[in-house]
Amino acid sequence: MALLPFLVGLLTLALIYGLLALALNLQFGVTGLLNFGHVAFFAVGAFASAIVTLPPPGSAAYLQAAAQYHVGLGLPVPVGFLLAGVAGGVLALLIGATSVRLSSHYLAVATFAMAEIVRSVLTNADWLTGGEFGIASVPQPLKNGAVPASVYPYAYLAGTVLVVAALLALTVRLTESPYGRALRSVRDDETAARALGKPTPLLKLGAFVAGGVLAGFAGSLWTHSLGVVHVGQFVPIVTFEVWLAVLMGGSGNAFGAVLGALVLMTITQGTRFLGDVPLLSGLTRSNPSFVPSLRFVLIGLLLIAVVRFFPRGILPERPRAPGRGVRRGGAVPAGGSGDPPGHGAGTAPAAGARTDGGEESP
Amino acid sequence: MTELLQTLIFGIATGAVISLSAVGLSLSYGVTRFINFSYGEFLTLGAYLTVLFVGLGLPLPAAILVGMLAVGVTGVVLARIFFDPLMRRGFLPLLVTSVGLAFVLQNLVRMIAGSNPIRFPLPLMRPWHVGALFVPKIPVLVVAVALAAMLFTHLLLTFTRIGKMMRATSDNPALARASGIATARVLAATWFLSAAIGALGGVLLAMTQIALQPVMGWSFLLVVFAAVLLGGIGNPYGAMLGSLIVGLGIELGTSYLSPDYGHAFAFAILVLVLLIRPSGLLRGAF
């Protein structure tokens, strides 16, 4: 097994997931929005970028690839990348404008349901998305032209590093600005933020849309790295893999989110080798879904373990001076692991306290 | 006209299955106050264990009962291991843990039983003919079983000591504790009841869908969520009404609007409910 290509693939994938985690961290880690439908923004980004960049049906490239799709605009990949962000952002605007005001666990269910509706639409809109079969022959930028195929994965990785690093820097800049402070105030105590005159619905919508744009970008990076796109890639577990990355890396910390994605991908891609373990290979022959299922079992267990034993993550959000030492009222439940109040959104004392009130009048 | 009646029959049967599962989910929400994403796996486990016990030679009704008991106990054990230690840490850790648990259970079933659909061992039944109308027996049976189970739950909650304690704990846990109710034991009893009802819901779901798959409970979960939220969360009677509406909505939508979208109609109802009336149709505790 060639180790280097494997590592390059792993890193590219991890960075794309890192971008998804960065987006979710902006929505959940910073602003406290429970987005359980993250995969939908990833999906529309991927499809938008693919469809925009595919050579138009009937063109020479279309005939050469013996392709089957019906819509392709033949625009350059950077345009596809930008439009993927637009698509993710517009979807987030549609979903967010209607549901971002819902109290937290209703928002979780609503976003989860809307992601399923999006998947249902993508599956059934065969003329646009290729339905269950998807679209192969998605263009890969500069391949066989400026960059020879032999070094292509390395070049793609380098490009992904640049894009993700730029977006990471931008996001950190945003969350360290007064705007970011306002977002955190919504997370920590929405009532207080509103009492101080912050337009909390608008702040939440802003964070939700920004997250949608970032996830759309991630979709574009993903589809052009693979050269294929189909709905089967965008199942709900993707959403929760990203959640795992954010929680594991340290909710509220953008660097933590990207690091979490890196750790997560190392673990999940590492489990690909489970099939080579002598004892397991026999079981694999009798039940081909044994090893993939085992992988999902491990992801589930990891999710449970991180929330329970490691709620602050690898890189916890750094305590901020104005908030430090400020004690909340008696409403804060005694956190099991003695987290300082207001930090470590994994334990979410603030969110918990908020729901207790929200129960009566959601 | 007959087509509409036919659709209504299936709609009511679908509604009955959703209804029973929704009652179970509401029960556990009533005392735990978090939306349990692993609830669908109780349905899956119930259906698979029933098939397993039928395979071991039990008659179908006995297999269903043993399956329900086994899933009830599983529910209590899982709650003790995974949810109880998190009860004081707000709802997010519980929510995320329930998602993780759903993936674990669903994929354990897939690892053991494989992902191919398994036929539910039901004898062939000829439909009744009522005029020009075919009345298939399975939906009628499903409705009857679901109604009986819900009546049982209603009687249990209204008239028995444990049922009253469950309602008291759901209404106000602190007050219930202060009145001398052992809320931890009530919680365990509620988990048992909720999981066992889920198992029966899974069996009925398998009967209406003919075959069972490891993903059946997970994909049905959103439909149940839709019903629960439509009816008012934590309110079993509201859940019954919500389920009937969602069940009819799915069948009517599939027959008259577009057959490709199926469950998406339920999600659309869910989203509409959340936007227009997030407190559900009927409010209040059960």
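Above this text is the structure in question.
Bear in mind that the values here come from a model prediction, so they are computed numbers and not experimental data. Within any chain, residue numbers begin from 1 and follow the written order of that chain's sequence. Labels follow written order: the first chain is A, the first ligand is 1, and so on. The predicted nature of this model means local features are confined to residues of pLDDT at least 70 and side-chain atom pairs, given and counted, to a pLDDT of 80 or more, with totals for whole chains, interfaces and linings taken over all residues. To obtain the side-chain values, all non-hydrogen atoms of the structure were included, while hydrogens and water were left out.

Caption draft 1: Seen up close, the pattern of salt bridges. All names here are of chain A. Here, a salt bridge means any side-chain nitrogen of Lys or Arg that lies within 4 Å of a carboxyl oxygen of Asp or Glu. Tallying each qualifying case throughout the model produces 7 salt bridges over all chains. In this structure, Arg 119 and Glu 116 form a salt bridge, with 3.1 Å as the shortest nitrogen-oxygen distance. Of this pair, Arg 119 and Glu 116 both sit in helix H5 (residues 104-124), separated by 3 residues, roughly a single helical turn. Look at Glu 116 and you get buried, because its relative accessible area is 15%. Each helix is a run of DSSP H or I of at least 4 residues and each strand a run of E of at least 2, with the numbering of both proceeding from the N terminus. Exposed residues in this analysis have more than 50% of their type's maximum accessible area, buried residues have under 20%, and partly exposed residues fall in between, with area computed by a 1.4 Å probe over protein chains only.

Caption draft 2: Focus on the packing of H5 of chain A against helix H11 (residues 264-276) of chain B. Helix axes use the C-alpha atoms of the stretch in contact, all axes being lines fitted to C-alpha atoms, and the angles between their N-to-C directions lie in the range 0 to 180 degrees. Running from N to C, H5 of chain A and H11 of chain B cross one another at 145°; their axes reach a closest spacing of 9 Å. Like other packed secondary-structure pairs, H5 of chain A and H11 of chain B cross with a definite hand, here left-handed. Listed contacts from H11 of chain B to Tyr 106, Val 109, Ala 110, Ala 113, Met 114, Glu 116, Ile 117 and Ser 120 of chain A of H5 of chain A are Ala 264, Phe 267, Ala 268, Leu 270, Val 271 and Leu 274 of chain B. Considering only residue class, the contact of H5 of chain A with H11 of chain B consists of 12 nonpolar, 1 polar and 1 charged. Should the near helix be turned counterclockwise from the far one by less than a right angle, the crossing is left-handed, whereas a clockwise turn marks it as right-handed. Contacts between residues were defined by any pair of non-hydrogen atoms, one from each residue, lying within 4.5 Å. In this classification, the charged set is Asp, Glu, Lys and Arg, the nonpolar set is Ala, Val, Leu, Ile, Met, Phe, Trp, Tyr, Cys and Pro, and all remaining amino acids, among them Gly, are polar.

Caption draft 3: Seen up close, the interface of chain B and chain A. At the interface, 44 residues of chain B touch 53 residues of chain A. When two parts are brought into contact, each loses some accessible area as probed by a 1.4 Å sphere; the total of that loss over both is the buried area. For the chain B and chain A pair, buried surface summed over both sides reaches about 4200 Å², with 75% attributable to carbon and sulfur atoms. Looking only at chain B, the three residues that lose the most surface to chain A are Arg 89, Phe 91 and Met 111 of chain B, adding up to 17% of its buried area. Under this definition, polar contacts are N or O atom pairs within 3.5 Å; protein pairs additionally need one hydrogen-donor-capable and one acceptor-capable atom, and for neighbouring residues in sequence, both atoms have to be side-chain atoms. Our count for the chain B to chain A interface comes out at 3 residue pairs in polar contact (both at pLDDT 80 or more). Listing elements by their share of the side of chain B that touches chain A, those giving two or more residues are helix H3 (60-83), helix H4 (91-113), helix H9 (216-231) and H11 of chain B.

Caption draft 4: Quick look at the nonpolar core. Leu 19, Phe 36, Phe 234, Phe 240 and Trp 243 of chain A together with Phe 37 and Val 246 of chain B are the most contacted members of the largest nonpolar core, which has 188 residues in total. Not counting residues within four places of it along the chain, the set of residues in contact with Phe 36 of chain A comprises Ala 108, Thr 111, Phe 112, Thr 239, Phe 240 and Trp 243 of chain A together with Phe 37, Leu 95 and Val 99 of chain B. Within the second largest apolar cluster, 7 residues are counted, among which are Leu 26, Val 30, Val 186 and Ala 207 of chain A. Residues belong to one nonpolar core when they are buried, are Ala, Val, Leu, Ile, Met, Phe, Trp, Tyr or Cys, and are joined through side-chain atoms within 4.5 Å.

Caption draft 5: Spotlight on unusual backbone geometry. Residue and element names in this part refer to chain B. The backbone phi angle of Arg 33 is positive, close to 65°, even though this residue is not glycine. Relative to the helices and strands, Arg 33 resides in the loop between helix H1 (2-32) and helix H2 (39-55). Arg 33 gets classed as partly exposed once you look at its relative accessible area, which sits at 32%. Located in the positive-phi region is Ile 210, a residue other than glycine, with phi close to 70°. With respect to the helices and strands, Ile 210 occurs in the loop between helix H8 (183-209) and strand E4 (211-212).

Caption draft 6: Examining empty space enclosed by the protein more closely. Residue and element names in this part refer to chain B. Cavity means a closed set of points on a 1 Å grid over the protein atoms alone, one where a 1.4 Å probe fits but cannot get out, pocket means an open set with protein on both sides within 12 Å along at least 5 of 7 lines, and lining means a residue has an atom within 4 Å of a point. Grid points are joined across faces, edges and corners, and a volume is the space filled by probe spheres set on the points. If you walk through the whole model with that rule in mind, you get 4 cavities of 30 Å³ or more. Around the second largest cavity, the lining residues are Val 76, Ala 79, Arg 80, Asp 84, Ala 184, Leu 187, Ala 188 and Trp 191. Counting residues per element, the ones that place at least two in the lining of the second largest cavity are H3 and H8. With 4 residues, H8 is the largest single contributor of residues to the lining of the second largest cavity. In terms of residue class, the lining of the second largest cavity is made up of 6 nonpolar, no polar and 2 charged.

These figures come from the coordinates and say nothing about function on their own.
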